[in-house]
Amino acid sequence: MIRTVVLGQPYWGARISAALHAPDAGLTSAFVGQGGWAGLLLSRAAAPTLLLRAGFRVGGTTPRARAFDAYWSLLRRRFPKARGGHYWLGTDVLNTTEEAAAGTLRRALVAGSRGDLHLADAPWLVEELAALGLGIEAQTVHVPQPYPVPAPVEALPERFSVLTYVPADRFEFYGGPAVLGAARRLPEVMFSVVGKALKNRESVPPNVRFLGWIGDMSGSYRDSSVVLRVPRHDGFGATVIEGLLNARHVIYTHDVPGCRSVWPVTEDALVTEIEASYARHAEGQLAPNEEGRAYAIREFSEAALLDRLRGAVRGFADGR
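This is a predicted model, so every value here is computed, not measured.

### A few points about helix α11 (residues 290-300)
Working step 1: Those residues of α11 not exposed but buried are Gly-292, Arg-293, Tyr-295, Ala-296 and Phe-300. Looking down the long axis of α11, one finds its buried residues gathered within 165° of arc, a one-sided arrangement. Exposed residues on α11 whose side chains face more than 90 degrees from its buried face are Glu-291 and Arg-298.
Working step 2: Packing partners of the buried residues in α11 comprise α9 (238-245) and α12 (302-317).

Put into structure tokens, the structure is as follows:
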């Protein structure tokens, strides 16, 4: 039996642990939150096969990062036969690369993790880790989750509409200024924004509406022609995957099959990409994105994601 203990970001750590708990397949897993860290050190339970940190990067210089690295060192000494693993989710990679560029990253600690298991939520995160030059060879394993697959595919709406995600507390990071700028220049296009309305409403064009937090996004995808996701840095955005599964056209900051890529994110670039789809819509030529949907169904079914994650852990534990 391969026993995994997952520590790190509560939401993602718990989800990863649940995906790895499959006793019938020879795998068990438990997520241990911060309240249980001391107890884990004192535990008399069977030693884990793999200690996996989710989203808690190695070698950071913040007090929190240093504290967790110190705890991790104690944990590895407590369970000397357990192997170490790192699940890179997005912001942890961004912070690591920024510290490396600033010369503050504790590079020896990062390099010392080369023999551990390294998983990354998206292929571009794998590339960013490799670019550190510290020998981190990660493999792409998107965090398993059940993405709803609508059937049949809904027709595109009669009114051309763009759906995007811009949280008010990270407005700049998620490309908010470029999105609003594009909306001003495309008054005939409705922009629906998942996120709270901005406090300064005078700066918002009349063709932009803020939807707030939405638990069930199915109606929003149905009412959109294009899904737009343009953050400064990202794991594999769920709205991209869900947009493709709904056969919507997607504009993203990364090269993904079935998507149109835009980088860097500027107002001009967004206008160009959105106008291209709008022109096809006006001519009656914009059909559902069946190519993108087929790719997403193939790559992001829950069964495929579970097999990928469990296979990576099992192969690492077996020394493959």
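Next comes the rest of the description.
### Some details on the pattern of salt bridges
Working step 1: Taken as a whole and judged by the stated rule, the model has 12 salt bridges.
Working step 2: Arg-185 is the partner of Glu-267 in a salt bridge, and the nearest nitrogen-oxygen pair spans 3.1 Å. Linking Glu-267 in helix α10 (residues 267-282) with Arg-185 in helix α7 (residues 176-185), this pair joins segments that are 82 residues apart in sequence.
Working step 3: Among the residues examined, Glu-267 registers a relative accessible area of 30% and is labelled partly exposed.
Working step 4: Between Arg-222 and Asp-223 there is a salt bridge, with its nearest N and O atoms 3.9 Å apart.
Working step 5: Asp-223 sits in the partly exposed class, given a relative accessible area of 39%.
Working step 6: Linked by salt bridges that have partners in common, Arg-53, Asp-69 and Arg-106 make up one network.

### Here's the deal with the pairing of strand β3 (residues 50-54)
Working step 1: β3 sits mainly inside the fold: five of its five residues count as buried.
Working step 2: On β3, burial covers both faces: Leu-50, Leu-52 and Ala-54 on one face and Leu-51 and Arg-53 on the other are all buried.
Working step 3: Direction of pairing for strand β1 (residues 2-8) relative to β3: parallel, over a ladder of five bridges. What sits directly across from Thr-4, in β3, is Leu-50.
Working step 4: One ladder, built from five bridges, connects β3 with strand β4 (residues 83-88); its direction is parallel. Across the sheet, Leu-51 pairs through a bridge with Gly-84, a residue of β4.
Working step 5: Crossover β3 to β4 through helix α3 (residues 63-78) is right-handed.

The rules we used
Residues numbered from 1 in each chain as written. Predicted model: local features only at pLDDT ≥ 70, side-chain atom pairs only at ≥ 80, totals over all residues. Heavy atoms only, no water. Buried < 20%, exposed > 50% of the residue type's maximum accessible area, 1.4 Å probe, protein only. Helix = DSSP H or I, 4+ residues; strand = E, 2+ residues; numbered from the N terminus. Arc of directions from axis to C-beta. Contact = heavy atoms within 4.5 Å. Salt bridge = Lys/Arg side-chain N within 4 Å of Asp/Glu carboxyl O. Pairing = 2+ DSSP bridges. Right-handed = clockwise from strand over helix to strand, strands pointing away.

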